[in-house]
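Fold and geometry: a report
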Amino acid sequence: MSHPKTAYTPATHTTPPARFSHGVRKGNILQVAGQVGFLPAAEGVAPTPAGPGLREQTLQTFANVEAVLTEAGASWEDVVMTRVYLTDTAHFVEFNEIFNEYLADRVEVPGARTTVYVGLPAGLLIEIDAQAVLG
Amino acid sequence: MSHPKTAYTPATHTTPPARFSHGVRKGNILQVAGQVGFLPAAEGVAPTPAGPGLREQTLQTFANVEAVLTEAGASWEDVVMTRVYLTDTAHFVEFNEIFNEYLADRVEVPGARTTVYVGLPAGLLIEIDAQAVLG
Amino acid sequence: MSHPKTAYTPATHTTPPARFSHGVRKGNILQVAGQVGFLPAAEGVAPTPAGPGLREQTLQTFANVEAVLTEAGASWEDVVMTRVYLTDTAHFVEFNEIFNEYLADRVEVPGARTTVYVGLPAGLLIEIDAQAVLG
């Protein structure tokens, strides 16, 4: 017998650009796909990142991750790993401030994290994915 | 008592360049190592990526991931996360077309995905790893 | 009922630069955060990478991952996935030699691995994270 697999798609989310799910659970593992700082989806409007700066885009990215967690009945407390993709090492200090501020009241035992610097499509400064263990 | 750990190495695969396994299962987790678009291993021939373009290399990379899944008795339906490493943001649209086409008949509930742009060894345009939850 | 979540922080480790844990376990999953080659923490001294070269920094990075595993009662044998972030493709061959040497007596069934090339803060040549399955 195989565990069922369930996809989670918050109503606020833009449609994924390909055949993947914003969040999926199988067994005890909930995986949130790489989220970026797109504003809530609006019909007829192309996906648009929050702005103008790193702060707004980061907070929107966190909100998008959290929306998937919530949709799956999970919270940041269930998250064991957050992968942060930044595009500029100069953003590290400000990002950490926002990260700490955002999670301050959301998590008691912080999960692990890896932060690396990669390329992202034009206009995107940050991407975050997360894995939670449930049950 | 600890779960046994099992390595999976498809016969078609080139030997890993270091002490790691193409696929490994422990407990309910099956992890497929980062796969690239190398053609099936041939004795005395250095690992060679499929070509000439992104399409051929991507399809070979998918086939290499799938070979590990199959060897472990798993399928794309068990995969909760696919990590895609591309080298050029200009490849995103074409990659998504190939991704959708490849998975169309292979998965009912799509897993999550993260795509970022990194550096890879010369000649490689793409690398993909995947995590499945079994049992 | 939810699995408890436990953070692991080896005494030798520098304080994380933000609200995350060097290692965390929930259920059967132990996740080690991205480790770099910082020398053991010393009071009043800023985090300093081992040097002068790739070898020293890599070995220190491995030691830092291992310290988290040990703190959590785990070992390399429990690790199913190691993610290696290098900054220069020219380091691949030497890195693999060190990787093989380090793991030679530490693991019987090697885990999976993905290696990609990214940007890291100045002075850092390598970052590694790892996921283990326990129980």
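In this report, the structure presented in the accompanying data block is examined. (Residues numbered from 1 in each chain as written. Chains lettered and ligands numbered in written order. Predicted model: local features only at pLDDT ≥ 70, side-chain atom pairs only at ≥ 80, totals over all residues. Heavy atoms only, no water.)

1. A short note on the overall build of chain A
This is how it is decided: Only runs of H or I of at least four residues qualify as helices and only runs of E of at least two qualify as strands under DSSP, and these elements are numbered from the N terminus. Here the globule rule reads 2.2 Å times residues to the power 0.38, and the radius of gyration is calculated from C-alpha atoms. Think of it in three bands: with a 1.4 Å probe and only protein chains considered, a residue is buried below 20% of the maximum accessible area for its type, exposed above 50%, and partly exposed in between. Whether two residues are in contact is decided by their heavy atoms, any of which lying within 4.5 Å being enough. Only the protein chains shown count as covering a residue, and every accessible area follows the Shrake-Rupley method with a 1.4 Å probe. In this tally, Asp and Glu contribute negative charge and Lys and Arg positive charge; neither His nor the terminal groups of the chain are included. To locate a charge, take atom NZ for lysine, CZ for arginine, CG for aspartate or CD for glutamate.
If you tally the helices and strands in chain A, you get two helices and six strands. Moving toward the C terminus, one meets the helices and strands of chain A in the order β-β-β-α-β-α-β-β. Taken over C-alpha atoms, the radius of gyration comes to 15 Å for chain A, in line with the 14 Å a tight globule of 135 residues would show. In terms of overall dimensions, chain A has C-alpha extents of about 50 × 40 × 25 Å along its principal axes. Counting only residues that meet the buried cut, chain A has 57% of its 135 residues in that class. The long-range share in chain A, meaning contacts at least 24 apart out of those at least 6 apart in sequence, stands at 71%. Split by element, the accessible area of chain A, about 5,300 Å² in all, is 55% carbon and sulfur. A distance of 12 Å separates the average location of the 8 positive side-chain charges in chain A from that of its 14 negative side-chain charges.

2. Focus: the sheet that holds strand β6 (residues 126-133) of chain A
All names here are of chain A. What counts, and what does not: Pairing between two strands is assigned when DSSP locates at least 2 bridges connecting them. For helices, the fitted line uses only the C-alpha atoms of the stretch in contact; every axis is such a line through C-alpha atoms, and the angle between N-to-C directions lies from 0 to 180 degrees.
Across the sheet, which stays open at both edges, the six strands sit in the order β1-β2-β3-β6-β4-β5 with mixed pairing between neighbours. In the strand order of this sheet, the two ends are held by β1 (5-8) and β5 (112-117), each with one partner. Direction aside, neighbouring strands of the sheet carry axes that sit 15° apart on average. As paired elements, strand β2 (residues 23-26) and strand β3 (residues 29-35) share four bridges and run antiparallel to each other. Residue pairing in the sheet places Lys26 in a bridge with Ile29 of β3. Sheet contacts for helix α2 (residues 92-103): β4 (79-86), β5 and β6; angle to β5, the most-contacted strand, approximately 150°.

3. Details of the interface of chain B and chain A
Operational definition: We define buried area as the total accessible area lost by two parts upon association, computed with a 1.4 Å probe and summed across both. Any carboxyl oxygen of Asp or Glu that lies within 4 Å of a side-chain nitrogen of Lys or Arg is treated as forming a salt bridge with it. The definition of a polar contact used here is a pair of N or O atoms within 3.5 Å, where within protein one atom must be able to donate a hydrogen and the other to accept one, and adjacent residues in sequence count solely through side-chain atom pairs. In this classification, Asp, Glu, Lys and Arg are treated as charged, Ala, Val, Leu, Ile, Met, Phe, Trp, Tyr, Cys and Pro as nonpolar, and every other residue, Gly included, as polar.
Of the residues lining the interface, 32 residues belong to chain B; the matching set on chain A comes to 29 residues. Both faces considered, chain B and chain A share a buried interface measuring about 2,300 Å² in area, 55% of it formed by carbon and sulfur atoms. Across the pair Asp129(A) and Arg83(B) runs a salt bridge, and its minimum N-O distance is 2.7 Å. At the boundary of chain B with chain A, the tally comes to 18 residue pairs in polar contact (both at pLDDT 80 or more). A per-element tally of the side of chain B that touches chain A places strand β5 (residues 112-117) of chain B first, with six residues. Here the side of chain B that touches chain A is built from residues that sort into 18 nonpolar, nine polar and five charged.

4. Re the relation of the copies chain B and chain A
Our working definition: In this comparison the copies share one frame, found by least squares on the C-alpha atoms of residues holding pLDDT of at least 70 in both.
Screw-axis analysis of chain B against chain A gives a translation of 0.0 Å along the axis, an RMSD of 0.0 Å, and a rotation angle of 120°. When the rotation and shift are considered jointly, the pair of chain copies conforms to a three-fold rotation axis. Closest approach to the rotation axis within chain B is made by the C-alpha atom of Val118(B), at a distance of 3.3 Å. Residue by residue, only 16% of the interface of chain B is reproduced at the interface of chain A, so the copies engage with different surfaces.

5. Side note on the pairing of strand β6 (residues 126-133) of chain B
Residues and elements named next belong to chain B. Across the eight residues of β6, eight count as buried, placing the element largely inside the fold. Every second residue of β6 is oriented toward a common face, with Ile126, Ile128, Ala130 and Ala132 on one face and Glu127, Asp129, Gln131 and Val133 on the other, all of them buried. With five bridges connecting them, strand β3 (residues 29-35) and β6 associate as antiparallel partners. Bridge pairing in β6 links Val32 to Ala130. As paired strands, strand β4 (residues 79-86) and β6 are joined by seven bridges and run antiparallel to one another. Its bridge partner lying in β6, Tyr85 is registered against Glu127.

6. Thoughts on the sheet that holds β3(B)
All names here are of chain B. If you walk across this open sheet you meet the six strands as β1-β2-β3-β6-β4-β5, and the pairing is mixed. Looking at the sheet topology across the chains shown, the edges are occupied by β1 (5-8) and β5. The average angle at which neighbouring strand axes cross in this sheet is 15°, direction not considered.

7. Re the packing of helix α1 (residues 54-71) of chain B against helix α2 (residues 92-103) of chain B
Residue and element names in this part refer to chain B. So the rule is basically this: Angle categories are assigned with fixed cut-offs, so that under 35 degrees is roughly parallel, over 145 is roughly antiparallel, 65 to 115 is roughly perpendicular, and the rest are oblique. Should the near helix be turned anticlockwise from the far one by less than a right angle, the crossing is left-handed, and should it be turned clockwise, the crossing is right-handed.
Relative orientation of the contacting elements α1 and α2 amounts to 40°, with a least axis distance of 10 Å. Considering their axes alone, α1 and α2 lie oblique with respect to each other. The chirality of how α1 crosses α2 is right-handed. On α2, the residues that touch Leu54, Arg55, Thr58, Leu59, Phe62, Ala63 and Glu66 of α1 are Glu94, Phe95, Ile98, Phe99, Glu101 and Tyr102. Across the contact of α1 with α2, the residue classes tally to eight nonpolar, one polar and four charged.

8. Examining the pattern of salt bridges
Residue and element names in this part refer to chain A. Applying the stated rule across the entire model yields 12 salt bridges over all chains. Here Glu66 ties to Arg106 by a salt bridge, and the two come within 2.5 Å at their closest N and O atoms. Taken as a pair, Glu66 in helix α1 (residues 54-71) and Arg106 in the loop between α2 and β5 lie far apart in primary sequence, 40 residues in all. Given a relative accessible area of 22%, Glu66 falls into the partly exposed group. Relative accessible area serves as the criterion here: at 36%, Arg106 is assigned to the partly exposed category.

9. As for the environment of Leu69(C)
All names here are of chain C. Within the element layout of this structure, Leu69 appears in helix α1 (residues 54-71). For Leu69, a relative accessible area of 1% translates into the label buried. Leaving out residues up to four positions away in the same chain, Leu69 has contacts with Leu30, Val32, Ala74, Ser75, Trp76, Val79 and Ala132.

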